[in-house]
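Summary of structural features
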2 protein chains.
Amino acid sequence: MPKGFGDQTLRDRRADAIELLGGIPDAGALPTDEIAAATARVLAEPGVPALQYSRTAGIPALRSWIAAREGVAEERVLVTNGGFHGLALAIQALLERGDLIAVDNPIFPLFLRGAELSDARILPVPVTAQGIDVAHLAALLEAGERPAALYTVPDFHNPSQGTLPAEQRVELVRLAEHYGFLVLADNPYRELRFRGEGVSAEPFNTSSHVVHVNTFTKTLGPGLRLGWLVLPEDLAGDVAALRARQDSHSSTFVQAVIAELLTSDPGIFDATLDRARALYRERSDAFSAALEAEAPGVFEITPPEGGLFLWPRLADDAIDADRLADDASAEGVEYQRGSFFPSGPGTGADRHLRFAFGDKPVAVLEEAAARLGRAIRRQTA
Amino acid sequence: MPKGFGDQTLRDRRADAIELLGGIPDAGALPTDEIAAATARVLAEPGVPALQYSRTAGIPALRSWIAAREGVAEERVLVTNGGFHGLALAIQALLERGDLIAVDNPIFPLFLRGAELSDARILPVPVTAQGIDVAHLAALLEAGERPAALYTVPDFHNPSQGTLPAEQRVELVRLAEHYGFLVLADNPYRELRFRGEGVSAEPFNTSSHVVHVNTFTKTLGPGLRLGWLVLPEDLAGDVAALRARQDSHSSTFVQAVIAELLTSDPGIFDATLDRARALYRERSDAFSAALEAEAPGVFEITPPEGGLFLWPRLADDAIDADRLADDASAEGVEYQRGSFFPSGPGTGADRHLRFAFGDKPVAVLEEAAARLGRAIRRQTA
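Named according to an unreviewed UniProt entry, chain A is PLP-dependent aminotransferase family protein originating from Microbacterium gilvum. UniProt annotates chain A under Cofactor (unreviewed entry) with the comment "pyridoxal 5'-phosphate".

What follows is the structure, given as structure tokens:
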């Protein structure tokens, strides 16, 4: 794992530091009152099934809601303790020790930590402004590389924010089926599109060679630890068998509460998403504008179409990126430096910064931009 | 794993069957109203930390409550998704592939499923009326057996219901430290003592060679999926490192709700346990009496001192145990036959029956006893 990403919390920082570190949803975007009400209802059910054992793959009410939303058979859905858990289960159940995994470059660094579960070897694949470079992957495969799996974030790539176009999804799946590797399509941000046209996940949900990794983390709250896998039919049993040997099943209580939340008011999930999208669009736009106002021409920003991050590039070659991160910390802003994200050489990611804006009000983001402006001027003034 | 134990749900059974299969707490013994109230409070906290990410080892409020109850340093507590998850983490993080594990004989069969995570080899150790036979274990060790770990249920052994005496705990720990193996002390029922004197867990919590596996499953509800490990100081880091790579941490939501429940009213846990113990004592005694009334002299019952099971022996050699299970099923009673529980030869477990009485009212247990009486008379009449 790139040194530093996981160690952020260990660094000295100002007591009043503004932390733009993690993809954290805003508390105000989560349906807390409705979750409390759903909890009261499930705990009042006769026999209180929410507090009892349940099936490994998930409770029927939740699996069937997920299956309907994904457009897949319920048997292909396995409820997990969040997206990362889904990745870990897939790595442990479906890969062999030492297998080669093709991965995004740059990459969500914690995936590399999960890949240690199978002592995986890593094959970096460049990520373009539109997600993983499928043509480059095809060339690697033609040149003889034989990964057992490929890891990518197709919607609002983390960190670089691009979305894989429809035809590239079809081609990626074709390559997976032709060369016999498994795509781990990690999709935590897909529901948070606040601009532009969405790209269908159907190619991922209709292939025998894709594990589609999903979660309620960014939409209903990371603290639930609740997500799901859409698995190819013939792999669902193997993953469930491993799951039964690790922690039996996800919390019946959490599953029952969220199933009650989602099914008692069929409009609540989309209404929650609509509020969240408006909030994140406002924050994304306000923070982008504030950065430009505080340091004109310094940050080259591609406005994201969704998700919780900005990934600006430092346009001015005279600015030292590492010194900027240190100066920003001294000014009271913490972010993830781009150099944490490469899985291999050649990305230019070290000239980028990853700002997480999701859980910060506009006024805080404007203060963060002002502090970043001061940090920039330490080098340019 | 002994064939059959996990397959019970697949068997044909009567629609009105009384299922005495699993160690399930009674819904009425769980503090459901208080959990709902605690949930409402944690979801009303500013910023709603219950719905956000938290630390791998557990949230401080819950770890510190557990540490105080166990009498250990907080750093030694790792919050898990229940007792089975704790065992799975210990097996995966602390054992090597193919290691030898000494285990109870008879045994809680699902442990053997968990042991598949490390392709463990199994060394059965007899269980007496007072838990694992430590003298027999000592003889095996003297004869040259070198297990890497030992698995036992010290309080209200599953299935055979004995409790390991204090001096045997000390000796077991001494052997572990002398021969360098790790004791996995699995203690889900320890808080459910309804008769007799408890035996301290201190020898388990003060050794460098014991992982003490605990859970709220039998006391606050299996559906929470919430438990904990007490780990030796020098092993806590390895287990947390694996945990961080699997599912990050247990649900912050569930942890926060239970921490709020336990700390907002410091007497609630013991009050809940007192009610549960009285309920299970009444059910255990009533079911024992009903079995004797319906089939005098047939079931040799050692009255359990706690937990959720009866483990009677068929005193009449003329009764075929497998035929009895089939006849009972036809009469409308399902239980676990003793033959599911051996981990090796020589137990006599096939002459036993495991009845789970925890979640059944007395009237239902009396009806179950009447049906069992009819099943017995199919062979004896």
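Anyway, onward from the coordinates.
The helix and strand inventory of chain A stands at 13 helices and 14 strands. Summarising its shape, the C-alpha atoms of chain A cover approximately 65 × 55 × 40 Å along the three principal directions. Taken over 381 residues, chain A has a buried fraction of 62%. Considering only residue pairs separated by 6 or more positions, chain A has 75% of its internal contacts joining residues 24 or more positions apart. Working note: accessible area of chain A is about 13,500 Å², and carbon and sulfur atoms make up 50% of it. Of the charged side chains in chain A, 36 are positive and 53 negative; the average position of the first set lies 3 Å away from that of the second.

Turning to the pairing of strand 7 (residues 182–186) of chain A, a few remarks are in order. Residue and element names in this part refer to chain A. The buried fraction of strand 7 amounts to five of the five residues, a majority that puts the element mostly inside the structure. What you see with strand 7 is no split at all: Leu 182, Leu 184 and Asp 186 on one side and Val 183 and Ala 185 on the other are buried throughout. Of the strand pairs in this sheet, strand 6 (residues 149–152) and strand 7 are connected by four bridges, and their pairing is parallel. Within strand 7, the residue paired with Leu 150 across the bridge is Val 183. Here strand 7 runs beside strand 8 (residues 210–215); their pairing, made up of four bridges, is parallel. Counted as the bridge partner of Leu 184 is Val 211 from strand 8.

Another aspect to go through is the packing of helix 12 (residues 321–331) of chain A against helix 13 (residues 362–380) of chain A. Residues and elements named next belong to chain A. The N-to-C vectors of helix 12 and helix 13 enclose an angle of 130°; their axes lie 8 Å apart at closest approach. Here helix 12 is positioned oblique relative to helix 13, judged by the angle of their axes. The two elements helix 12 and helix 13 cross, and the hand of that crossing is right-handed. In contact with Arg 323, Leu 324, Asp 327, Ala 328, Ala 330 and Glu 331 of helix 12, helix 13 contributes Arg 371, Leu 372, Arg 374, Ala 375, Ile 376, Arg 378 and Gln 379.

Below, the discussion takes up a negative patch on the surface. Residue and element names in this part refer to chain A. Together, Glu 75, Glu 233, Asp 234 and Asp 238 make up a region of like negative charge exposed at the surface. Tracing the backbone through its elements, the reader meets Asp 238 in helix 9 (residues 233–246). Under the relative-accessibility criterion, Asp 238 is labelled partly exposed at 46%.

Moving on to empty space enclosed by the protein. Counted according to the given criterion, the structure contains four cavities of 30 Å³ or more. When its volume is computed, the largest cavity comes out at roughly 110 Å³. Every residue lining the largest cavity is counted, 19 residues in all, and those nearest its centre are Asn 81 and Ser 251 of chain A together with Asn 81, Arg 225 and Ser 251 of chain B. Classifying every residue of the lining of the largest cavity by side-chain character gives six nonpolar, nine polar and four charged. In this structure, the second largest cavity encloses a volume near 60 Å³.

Bringing unusual backbone geometry into the picture now. Residues and elements named next belong to chain A. Here the amide bond leading from Asn 105 into Pro 106 is cis, since omega sits at 5°, within 30 degrees of zero. You will see that Asp 119, though not glycine, has its phi angle at about 45°, which is positive. Among the secondary structure elements, Asp 119 is positioned in the loop between helix 4 (110–115) and strand 4 (121–128). Accessibility expressed as a relative area gives 44% for Asp 119, which makes it partly exposed.

So, how was this worked out
Residues numbered from 1 in each chain as written. Chains lettered and ligands numbered in written order. Predicted model: local features only at pLDDT ≥ 70, side-chain atom pairs only at ≥ 80, totals over all residues. Heavy atoms only, no water. UniProt positions renumbered as here; feature names shortened; annotations may be inferred. Helix = DSSP H or I, 4+ residues; strand = E, 2+ residues; numbered from the N terminus. Buried < 20%, exposed > 50% of the residue type's maximum accessible area, 1.4 Å probe, protein only. Contact = heavy atoms within 4.5 Å. Areas by Shrake-Rupley, 256 points an atom, 1.4 Å probe, with all protein chains shown as cover. Lys, Arg positive; Asp, Glu negative; His and termini not counted. Charge placed at Lys NZ, Arg CZ, Asp CG, Glu CD. Pairing = 2+ DSSP bridges. Axes fitted to C-alpha atoms, helices over the stretch in contact; angles between N-to-C directions. Parallel < 35°, antiparallel > 145°, perpendicular 65-115°, else oblique. Left-handed = near helix turned anticlockwise from the far one by under 90°. Patch = residues over 30% accessible without salt bridge, like charges linked within 9 Å, V, L, I, M, F, W, Y side chains within 5 Å. Salt bridge = Lys/Arg side-chain N within 4 Å of Asp/Glu carboxyl O. 1 Å grid on protein atoms, 1.4 Å probe; cavity = no way out; pocket = protein on both sides within 12 Å on 5 of 7 lines; lining within 4 Å. Points joined across faces, edges and corners; volume = space filled by probe spheres on them. Nonpolar A, V, L, I, M, F, W, Y, C, P; charged D, E, K, R; others polar.

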